[in-house]
Amino acid sequence: MRRTVPPSAEIEAQIDELLAVGVGDNPRESLSVLARLGARLIIQRAVEDEFDGWLGRARYEHRPAYQRGLRNYESGLRNGFRPRTVQTAEGELEVQIPQVREAAETFASKLFPRTPKLLRTEPLKALVIGAFVRGLSMRDVESLCEQAGLGKLSKSTASRMCEELKERFERFKRRSLYDINLVALFLDATFISVRPSGPKEGVLVAWGFTEAGERVLLAVTLGMRESYEDWQALGRDLIGRGLAAPMLIVADGAPGLIKAIEHCWPASDRQRCCVHRARNLYAKLPERERERVKHAYWQALDDAINVPDGKQRLQALVDELDKGGFIAASKCLADDLDALVVHLRYPTRHRRRWRSTNLLERSLGEVKRRTKVMGRFPGEDSCLTLVWAVLDLLITHQTNGIHFTQLDRQRLTRLSDTHTPSAHEEVAA
């Protein structure tokens, strides 16, 4: 039978069913089942995200038209799953490993040891993280433990966990970035109720892909208005801690953010988020025209083979909108047009990933979903610490980066010759 949803979604459904029923007459057994499901969910999500990164596209995301039909194309095609058992602290668990066909190489997860070594998931932490992933508050977790006969979480234990988390966040903010060489830097923000009263405030986030293909979270900081000064302060902090200029910076079209990028990293390529621009474009069109323009917009980007070709295709859409009387939409697409096609300079198999801030936006969406149970935070320290903890889990620990082929590296090496300023030269910014 063909699988229509990923294994992780099936595990989530089992967890939802168990939580809906409750602990029942045998709370210890129910809690044990929940712990095993939570551990399986964490591992399964990690291997699925690792496979998406290795493949270069998410589930149900199609290859560009000019790549379809080619056999032995490097990124390959999904070909179901195969079961694998793994020994954990919760016992033997079954995990579904994604398979691939028509690929130059087979997929081998780096998450699993090649020897019969125990994969430690730390049962209590796995249960708490799993509950947090499901959107439960700490009060829900405490109630579940109490119903299971495990008693209440002591104040000293809770305090110690909070202090350890704050200490880790402080080390994260101070750590040196001299050894990190970025190919792509992603910048975005989300607005959260940081304080007991008052309007929501911006939390600025920076993360990227290194030359080794690893994902790295770089900064989580407060930016009340998401202004030029806020983004400039974030950029100066990264530069001051030793981060060299990335080859590519992906961000939305906020004027303050663009100005900060040009000031802090003038030699880096700037890619305007294609998804943000698409939303702006659709908003200026009548509903009857949106689907047609949407198809034309993304087809132009998918079929483009290089920067001049991409610009020519988008300019044709600009002219078409102008002739059709959609002046506002035409001007919207024409604005900053060069920045929409910068990603076409980079390796083909990573272009879709590097033309938008979608990966960061999805992570920030998860932050909002998981912090929603908190309501308003008591202050910026607790807010930033929790946001960092969620992003660190999603960006750093639940994914395994991307794969650069030898041809990718050769292309990046040629591009890097045009990005020469050192971090020390930029500190003056």
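Please refer to the structure higher up on the page.
Let me sum up the structure you'll find in this document. Keep in mind that what you see is a predicted model, and the values were worked out from it rather than measured.

Concerning the overall build of the protein
And then number 1: For the protein, the helix and strand inventory stands at 17 helices and seven strands.
And then number 2: Of all 429 residues assigned to the protein, the portion counted as buried reaches 50%.
And then number 3: Within the protein, counting contacts between residues at least 6 apart in sequence, those at least 24 apart form 70% of the total.
And then number 4: Of the roughly 21,500 Å² that the protein leaves accessible, carbon and sulfur atoms contribute 51%.

Overview of the side chain of threonine 385
And then number 1: With respect to the secondary-structure elements, threonine 385 resides in helix 15 (residues 380-397).
And then number 2: Within the structure, the side chain of threonine 385 is placed 2.7 Å from the backbone oxygen of aspartate 381, a separation counted as a polar contact.

Regarding helix 11 (residues 327-334)
And then number 1: Along helix 11, the positions that sit buried rather than exposed are Ala329, Ser330, Cys332 and Leu333. Projected down its long axis, helix 11 shows its buried positions confined to an angular sector of 160°, all on one face.
And then number 2: Considering only its buried residues, helix 11 is in contact with helix 8 (274-283), helix 9 (287-303), helix 10 (307-323) and helix 12 (337-340).

Regarding the sheet that holds strand 4 (residues 201-210)
And then number 1: Spatially, 5-4-3-6-7 is the arrangement adopted by the five strands of the open sheet, whose pairing is mixed. The open sheet is flanked by strand 5 (215-223) and strand 7 (269-272), the only strands paired with a single partner. Between one strand and the next, the sheet's axes are offset by a mean angle of 20°, whatever the strand orientation.
And then number 2: As defined by bridge partners, strand 4 adjoins strand 5 across eight bridges and the pair is classed as antiparallel. The partner of valine 205 across the bridge, within strand 5, is valine 220.
And then number 3: Each of strand 3 (182-192), strand 4 and strand 5 is contacted by helix 6 (residues 228-240), which is oriented at about 40° to strand 4, the strand it contacts most.

Things to note about the packing of aromatic side chains
And then number 1: Inspection of the entire model under this criterion finds nine aromatic pairs.
And then number 2: Both rings, one in phenylalanine 169 and one in phenylalanine 172, keep their centres 6.1 Å apart while their planes meet at 20°; by these two values the pair is stacked. One end of the pair, phenylalanine 169, and the other, phenylalanine 172, are both in helix 5 (residues 155-174), three residues apart, so they sit about a helical turn from each other. No difference in accessibility class separates phenylalanine 169 from phenylalanine 172, as the two residues are buried.
And then number 3: For the pair phenylalanine 186 and phenylalanine 209, a centre-to-centre distance of 6.0 Å together with 80° between the ring planes defines the contact as edge-to-face. Taken as a pair, phenylalanine 186 in strand 3 and phenylalanine 209 in strand 4 lie far apart in primary sequence, 23 residues in all.
And then number 4: Given the relative accessible area of 1%, phenylalanine 186 is considered buried.
And then number 5: These aromatic residues form a ring-pair network of at least three members: Phe186, Trp207, Phe209, Tyr346 and Trp354.

Some thoughts on the side chain of threonine 190
And then number 1: Along the chain, the position of threonine 190 falls in strand 3.
And then number 2: The contacts of threonine 190, once residues within four sequence positions are left out, are Glu201, Gly202, Val203, Leu364 and Lys368.

As for the pattern of salt bridges
And then number 1: Per the stated rule, a full pass over the model turns up 18 salt bridges.
And then number 2: Arginine 195 is the partner of glutamate 201 in a salt bridge, and the nearest nitrogen-oxygen pair spans 2.7 Å.
And then number 3: Residue class for arginine 195 comes out partly exposed when judged on its relative accessible area of 27%.
And then number 4: A salt bridge links arginine 272 to aspartate 335; the nearest nitrogen and oxygen atoms lie 3.6 Å apart. With arginine 272 in strand 7 and aspartate 335 in the loop between helix 11 and helix 12, this pair connects stretches of sequence that are 63 residues apart.
And then number 5: On the basis of relative accessible area, arginine 272 is assigned to the buried category, the value being 9%.

Some thoughts on the environment of leucine 333
And then number 1: With respect to the secondary-structure elements, leucine 333 resides in helix 11.
And then number 2: On the basis of relative accessibility, which here comes to 0%, the residue leucine 333 falls in the buried class.
And then number 3: Considering only alpha carbons, one finds leucine 333 and valine 318, 15 residues apart in sequence, at a separation of 6.4 Å.
And then number 4: With residues up to four places along the chain from it excluded, the contact list for leucine 333 reads Arg277, Leu281, Tyr297, Leu314, Leu317, Val318, Leu321 and Leu340.

What counts, and at which threshold
- Residues numbered from 1 in each chain as written.
- Predicted model: local features only at pLDDT ≥ 70, side-chain atom pairs only at ≥ 80, totals over all residues.
- Heavy atoms only, no water.
- Helix = DSSP H or I, 4+ residues; strand = E, 2+ residues; numbered from the N terminus.
- Buried < 20%, exposed > 50% of the residue type's maximum accessible area, 1.4 Å probe, protein only.
- Contact = heavy atoms within 4.5 Å.
- Areas by Shrake-Rupley, 256 points an atom, 1.4 Å probe, with all protein chains shown as cover.
- Polar contact = N/O pair within 3.5 Å; in protein donor to acceptor, adjacent residues only side chain to side chain.
- Arc of directions from axis to C-beta.
- Pairing = 2+ DSSP bridges.
- Axes fitted to C-alpha atoms, helices over the stretch in contact; angles between N-to-C directions.
- Phe/Tyr/Trp six-rings, centres within 6.5 Å; stacked < 30°, edge-to-face > 60°.
- Salt bridge = Lys/Arg side-chain N within 4 Å of Asp/Glu carboxyl O.

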